Amino acid sequence: MSGKVLTITSGKGGVGKSTTTANLSLGLALAGKKVVTIDLDIGLRNLDMILGLENRIVYDVVNVVEKVCKIKQALIKDKRTDNLYLIAAAQTRDKSAVKPEQVIELANELKKEFDYIILDSPAGIEGGFRNAMLPADEVIIVTTPEISAVRDADRVIGILEANNKKEMSLIINRINPILVKKGDMMSKDDVLQVLSIPLIGVVPEDENIVSYTNVGEPSILHPDSPSGKAYKNITQRILGKDVPFMEIVEKKKGILETIISFFKE
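Owing to the predicted nature of the structure, the values given are computational and were not obtained by experimental measurement.

Hey, could you run me through the pairing of strand β4 (residues 84-87) in this one?
If a strand is regular, its side chains alternate between the two faces of the sheet. Burial of β4 is two-sided: the residues Leu-84 and Leu-86 facing one way and the residues Tyr-85 and Ile-87 facing the other way are all buried. Here 4 bridges tie strand β2 (residues 35-39) to β4, and the two strands are oriented parallel to one another. Bridging across to β4, Thr-37 finds its partner in Leu-86. Pairing geometry for strand β3 (residues 76-77) and β4, over 2 bridges, is antiparallel. Across the sheet, residue Ile-76 finds its bridge partner in β4, namely Leu-86. Hairpin connection, β3 to β4: the antiparallel pair is bridged by 6 residues.

Okay, structure coming up:
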């Protein structure tokens, strides 16, 4: 087996990168692919919590690259599928504890057993970003439709291009059609005009995403979740299927909500 290294990154923190990593990793695993996802946001560690695996961690990625344990000892199997494994970030170390060549060596070893090695990159362009960028066969950039996040994503794209990373695609996260309509949020087309890379998905704002995270259940597990539906579609596009982009429209309000909204405005 020769797996593919897929890096999920962003220029700015707080845009939903780790949530995206968890959903796409689980989506690919549920689609029958053997997946390992590695949290490279060393020192902050939250991918394990989003996947509901935080209580199962014994060894982390720093233990692996420092040869404190074998790779297999650090693999944490998901509760819902035999196809997904997590290697957690270390909480008590910083990003300098891992070097790019060590991540490349680890990814090459995992390629022998897994279809996808998904790297959850730290935000920004510091050393941790290089750890996640250099091994990548393909990079997905996550941004929200806000000018500061888009500007930072543009900077990341420039660095990826300078390092000959040509396979790139974009996810626009937390788009809110009401704010777009009011002119308070960039539209999908506005973001694409600035970044000029292929779009692989648009994820609507989902009011339940925090509660899903709190119980360790990515939204892709919830059939009624708008973000979960978007992540399912993105998973299919990663697998090469031609899936139409869903239309993100303003949620219709009931009479009571409309009256309350009228008095608020």
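Having seen the structure, we can now continue with the description.
Sorry if this is basic, but what is going on with the pattern of salt bridges here?
It is possible for side chains of opposite charge to pair when their charged atoms get near one another. In total, this model carries 10 salt bridges according to the counting rule given. Here Asp-48 makes a salt bridge to Arg-45, at a shortest N to O gap of 3.7 Å. Pair check on accessibility: Asp-48 and Arg-45 agree, each one buried. Between Lys-67 and Glu-105 there is a salt bridge, and its shortest N-O distance comes to 3.5 Å. Residue Lys-67 is located in the loop between α3 (61-65) and α4 (71-74), and its partner Glu-105 is located in helix α5 (residues 100-111); the two are separated by 38 residues in the primary sequence. Assessed through its relative accessible area of 61%, Lys-67 is described here as exposed.

What is the right way to look at the sheet that holds strand β1 (residues 4-9) in this model?
The strand order β3-β4-β2-β5-β1-β6-β7-β8 describes an open sheet built from 8 strands, whose pairing is mixed. Only two strands of the sheet have a single partner each, and these edge strands are β3 and β8 (199-204). Two elements, β1 and strand β6 (residues 138-143), share 4 bridges in a ladder whose sense is parallel. Looking at β6, one finds that Thr-9 is bridged to Ile-141.

Would you explain the nonpolar core in this entry?
Soluble globular proteins: nonpolar side chains tend toward being buried together. Core analysis: the biggest nonpolar cluster contains 31 residues, and Leu-24, Ile-171, Ile-234 and Ile-238 have the highest contact counts within it. Within the residue set of this core, elements represented by two or more residues are β1, α1 (17-30), α2 (47-50), β4, β5 (116-120), β6, β8 and α11 (226-238). With 5 residues, the top contributor of residues to this core is α1. Not counting residues within four places of it along the chain, the set of residues in contact with Ile-234 comprises Leu-24, Ile-171, Ile-200, Gly-201 and Val-203. The next biggest cluster of nonpolar side chains, apart from the first, holds 26 residues, and it includes Ala-74, Ala-89, Val-98 and Leu-106.

Would you mind going over empty space enclosed by the protein with me for this structure?
Where empty space is left in the structure can be found by rolling a water-sized probe over the atoms. Evaluated as defined, the whole model comprises 2 cavities of 30 Å³ or more. Estimates place the volume of the largest cavity at around 50 Å³. Lining the largest cavity, in full, are Gly-201, Val-202, Ala-230, Asn-233, Ile-234, Arg-237, Phe-245 and Met-246. Taken together, the elements giving at least two residues each to the lining of the largest cavity come down to β8 and α11. Class assignment for the residues of the lining of the largest cavity results in 5 nonpolar, 2 polar and 1 charged. In this model, the second largest cavity occupies a volume close to 30 Å³. Surrounding the second largest cavity, Thr-19, Asn-23, Ile-50, Ile-209, Tyr-212, Thr-213, Glu-217, Pro-218 and Ser-219 form its lining. Among the elements of the structure, α1 and α10 (209-214) are those that each provide at least two residues to the lining of the second largest cavity. For the lining of the second largest cavity, the leading source of residues is α10, giving 3 residues.

Each value, and the rule that gives it
- Residues numbered from 1 in each chain as written.
- Predicted model: local features only at pLDDT ≥ 70, side-chain atom pairs only at ≥ 80, totals over all residues.
- Heavy atoms only, no water.
- Buried < 20%, exposed > 50% of the residue type's maximum accessible area, 1.4 Å probe, protein only.
- Helix = DSSP H or I, 4+ residues; strand = E, 2+ residues; numbered from the N terminus.
- Pairing = 2+ DSSP bridges.
- Salt bridge = Lys/Arg side-chain N within 4 Å of Asp/Glu carboxyl O.
- Core = buried A, V, L, I, M, F, W, Y, C linked by side-chain atoms within 4.5 Å.
- Contact = heavy atoms within 4.5 Å.
- 1 Å grid on protein atoms, 1.4 Å probe; cavity = no way out; pocket = protein on both sides within 12 Å on 5 of 7 lines; lining within 4 Å.
- Points joined across faces, edges and corners; volume = space filled by probe spheres on them.
- Nonpolar A, V, L, I, M, F, W, Y, C, P; charged D, E, K, R; others polar.

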